[in-house]
Amino acid sequence: MPRTFLITGGAGFIGSAVVRELIANTDHTVVNIDKLTYAGNLESLASVADSPRYTFIHADICDAQAMRQAFAIHQPDVVMHLAAESHVDRSIDGPLEFIHTNMVGTAVLLEAARSYWKALPQTSSEKAAGFRFHHISTDEVYGDLEGTDDLFTETTPYAPSSPYSASKASSDHLVRAWQRTYGLPTLVTNCSNNYGPYHFPEKLIPLVILNALAGKPLPVYGDGQQIRDWLYVEDHARALIQVATEGRVGETYNIGGHNEQTNLHVVQTICDLLDELVPPADKRSRRELITFVKDRPGHDQRYAIDASKIQRELGWTPQETFETGLRKTVQWYLANEIWWRRVQDGSYQGERLGLS
Ligand code: NAD
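Worth saying up front: this structure is predicted, and the values here are computed from it rather than measured.

Conventions we followed
The residue count restarts for each chain, going from 1 along the sequence in the order it is written. The model is predicted, so local features are restricted to residues of pLDDT at least 70 and side-chain atom pairs to those at 80 or more, both for listing and for counting; the totals for chains, interfaces and linings are taken over all residues. Excluding hydrogens and water, the side-chain values take into account all heavy atoms of the structure. Strands here are runs of E lasting at least two residues and helices are runs of H or I lasting at least four, both read from the DSSP assignment and numbered beginning at the N terminus. Summary of the burial criterion: residues with accessible area below 20% of their type's maximum are buried, those above 50% are exposed, and those between are partly exposed, where the area comes from a 1.4 Å probe applied to protein chains only. The pairing criterion is simple: DSSP has to find at least two bridges between the two strands. Note on geometry: axes are lines fitted to C-alpha atoms, helical ones only across the stretch in contact, with angles between N-to-C directions running from 0 to 180 degrees. Only heavy atoms matter for contacts: two residues are in contact if any of them lie within 4.5 Å across the pair. For classification purposes, an angle smaller than 35 degrees is called roughly parallel, one larger than 145 roughly antiparallel, one from 65 to 115 roughly perpendicular, and anything else oblique. Crossing handedness is read from the near helix: turned anticlockwise from the far helix by less than a right angle, it gives a left-handed crossing, and turned clockwise, a right-handed one. Any residue that is not Ala, Val, Leu, Ile, Met, Phe, Trp, Tyr, Cys, Pro, Asp, Glu, Lys or Arg is counted as polar, Gly included; the first ten are nonpolar and the last four charged. For this quantity, the arc is that covered by the directions from the helix axis to the C-beta atoms. Pairs of N or O atoms within 3.5 Å make up the polar contacts considered here, provided that, within protein, one atom can donate a hydrogen while the other can accept it, and that residues adjacent in sequence are counted only when both atoms are side-chain atoms. Two rings from Phe, Tyr or Trp (for Trp, the six-membered ring) form a pair when their centres sit within 6.5 Å of each other. Planes less than 30 degrees apart are called stacked, planes more than 60 degrees apart edge-to-face, and all others tilted. Should the NZ of a Lys or the CZ of an Arg lie within 6 Å of a ring centre and within 35 degrees of the ring normal, that charge is described as sitting over the ring.

Novice: Help me understand unusual backbone geometry, please; the structure alone is not making it clear to me.
Specialist: Apart from glycine, the bulk of residues carry a negative phi angle, and the bulk of peptide bonds sit in the trans form. Not every positive phi belongs to a glycine, and Gln75 is a case in point at roughly 50°. Assignment of secondary structure puts Gln75 in the loop between α2 (64–74) and β4 (78–81). Backbone geometry at Tyr198 places phi at a positive 65°, although glycine is not the residue there. The residue Tyr198 is located in the loop between β7 (193–195) and α7 (204–214) in this model. A residue is classified by how much of its surface remains accessible, and Tyr198, at 19% relative accessible area, is buried.

Here it is, written out as structure tokens:
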């Protein structure tokens, strides 16, 4: 049955993939709430902007009145909460914005959801029984797996290392507390590193693609041996929609790509793909651009996800391997130069003008 999804952070990298998937491949209606920070880009939503099933609200999740109003007007069935400050390096330079958005913002949204849900007729009401609050989080809350063969499971104790992961861990705790204390029907997902189209070029994979195309140095932290488990963003979007609609209330699901790679291997593979798809004029491999830089403080060595629960309970598995997903991603950046040029020169933010 078609439902109304209230998505926060839908102009971001993963949120926009969820919105595009919902509009393109389902009958559901989407209300996207986004503050349009530097990470929000309405140009990532150009393909859905004219859909009668899509509405955009320019608002801050920390604004309690705006959140209450959005619930009252749009009467959502499902909330998918993705809005966050998400870049670890920025959290090291300025942690308070992360505390505010990720913790205070989540609490404000939970309260708006709780008062809306409580006011729904509770008896014989499909709307109240079907309501879900799905909080989207990261595997970084689990900390570091350095020197082990372990995988993060849904019961791995939290041990966040950065202000970003600590703020996300706190928000996960808030969501579980609202479930235990108030009975709010919540779900939490913790996912590994995403990559794919429309990724803001401050993050490793798009940064390396664009620097390599420009012949600029490719910065790699430390010795590049940090291991991450990479998931193609559209696989994540499909998993999230499945959890939001079919997951068991109160549960946590880990989502991962079964793709553990060192950062150095990721960078080298991008160089090789670009050398194949856009052969360099001077015939020198782009690997020569790799430059090792001073490691980030508190840098976790290894993350790896055990995604067997979501596979077992909901039948979800990623469709892309690291090789197919990375090739698609490189090809997307080659074909969508206008999108990333407008991010690089800042003109994508002009979209904010004229929005209330
Ligand atoms: P992103 O930084 O690309 O997008 C975040 C979006 O939230 C932006 O559109 C921004 O404008 C919006 N936003 C920020 N503050 C806001 C506020 N106060 N009110 C309303 N909107 C606000 O992030 P992303 O990579 O798409 O990540 C989305 C979510 O998924 C985050 O919660 C992140 O922690 C989580 N996550 C990300 C990854 C990853 O690899 N990118 C992996 C696992 C989990």
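Novice: Help me understand the sheet that holds strand β9 (residues 227–232) in this model?
Specialist: Whenever strands of a sheet pair, they do so through backbone hydrogen bonds, lying parallel or antiparallel. Strand order in the open sheet formed by three strands is β7-β9-β11, with mixed pairing between adjacent strands. Edge strands, defined here as strands with exactly one partner in the open sheet, are β7 and β11 (260–262). Going across the sheet, the axis of each strand differs from the next one's by a mean of 50°, ignoring polarity. Looking at chain direction, β7 and β9 are connected through three bridges and run parallel. Bridging from a neighbouring strand, Tyr195 pairs with Tyr232 of β9. The strands touched by helix α9 (residues 263–277) are β9 and β11; relative to β11, the strand with the most contacts, the crossing angle is about 85°.

Novice: How do you make sense of the packing of helix α1 (residues 13–25) against helix α8 (residues 233–246) when you look at a structure like this?
Specialist: Helices that pack against each other are described as a pair by the angle of their axes relative to one another and the distance between those axes. Contact geometry for α1 and α8: axes closest at 9 Å, N-to-C directions at 65°. Of the possible angle classes, the one that applies to α1 and α8 is roughly perpendicular. The interaxial crossing formed by α1 with α8 has right-handed handedness. In this structure, α1 contributes Phe13, Ile14, Ala17, Val18, Glu21 and Leu22 to the contact, and α8 contributes Val233, His236, Ala237, Arg238, Leu240 and Ile241. Of the residues belonging to the contact of α1 with α8, the class tally is nine nonpolar, one polar and two charged.

Novice: Sorry, what's going on with the sheet that holds strand β5 (residues 132–138) here?
Specialist: Taken together, the seven strands give an open sheet; going across it, the order is β3-β2-β1-β4-β5-β6-β10, and neighbouring strands pair in parallel fashion. Unpaired on one side and paired on the other, β3 (54–58) and β10 (252–255) mark the two borders of the sheet. Strand after strand, the sheet turns through a mean of 20° between neighbouring axes, direction not considered. One ladder, built from six bridges, connects β5 with strand β6 (residues 186–191); its direction is parallel. When the sheet's bridge partners are listed, His135 is paired in β6 with Val188. Its contacts with the sheet put helix α4 (residues 95–119) on β1 (4–8), β4 and β5, and the angle it makes with β5 is roughly 165°.

Novice: Would you explain the side chain of Ser171 in this entry?
Specialist: Mapped onto the elements, Ser171 comes out in helix α6 (residues 163–182). Excluding residues that lie within four positions of it along the chain, Ser171 makes contacts with Asn102, Thr106 and His135.

Novice: Help me understand α2 in this model?
Specialist: Because an α-helix completes one turn every 3.6 residues, residues spaced three or four positions apart along the sequence face the same direction. Taken residue by residue, α2 has Ala66, Met67, Ala70 and Phe71 as its buried positions. For α2, the angular spread of the buried residues around the axis is 135°, confining them to a single face. Every exposed residue of α2 that faces more than 90 degrees away from the buried side is listed here: Gln65 and Ile73. A side-chain oxygen of the first residue of α2 lies 3.2 Å from the backbone nitrogen of Gln65; this N-cap is Asp63. Positive phi shows up at Gln75, right after α2, with a value of about 50°.

Novice: Sorry if this is basic, but what is going on with the packing of aromatic side chains here?
Specialist: Geometrically, a pair of aromatic rings is defined through the distance of the ring centres and the angle of the planes. The full count for this structure, using the stated rule, is 17 aromatic pairs. Ring plane angle 45° and centroid distance 6.2 Å describe the contact between Phe152 and Tyr303, whose orientation is recorded as tilted. With a gap of 151 residues between them, Phe152 in the loop between β5 and α6 and Tyr303 in the loop between β12 (290–293) and α10 (308–314) connect regions that are remote in the sequence. For Phe152, a relative accessible area of 0% translates into the label buried. With centroids separated by 5.6 Å and ring planes inclined at 85°, the aromatic side chains of Tyr198 and Trp339 adopt a geometry described as edge-to-face. Taken together, the residues span a long stretch of sequence, with Tyr198 in the loop between β7 and α7 and Trp339 in helix α12 (residues 337–344) at a distance of 141 residues. On the accessibility criterion, Trp339 (8% relative accessible area) is buried. One residue, Lys309, lies across the ring of Tyr253, its end atom 4.9 Å from the ring centre.

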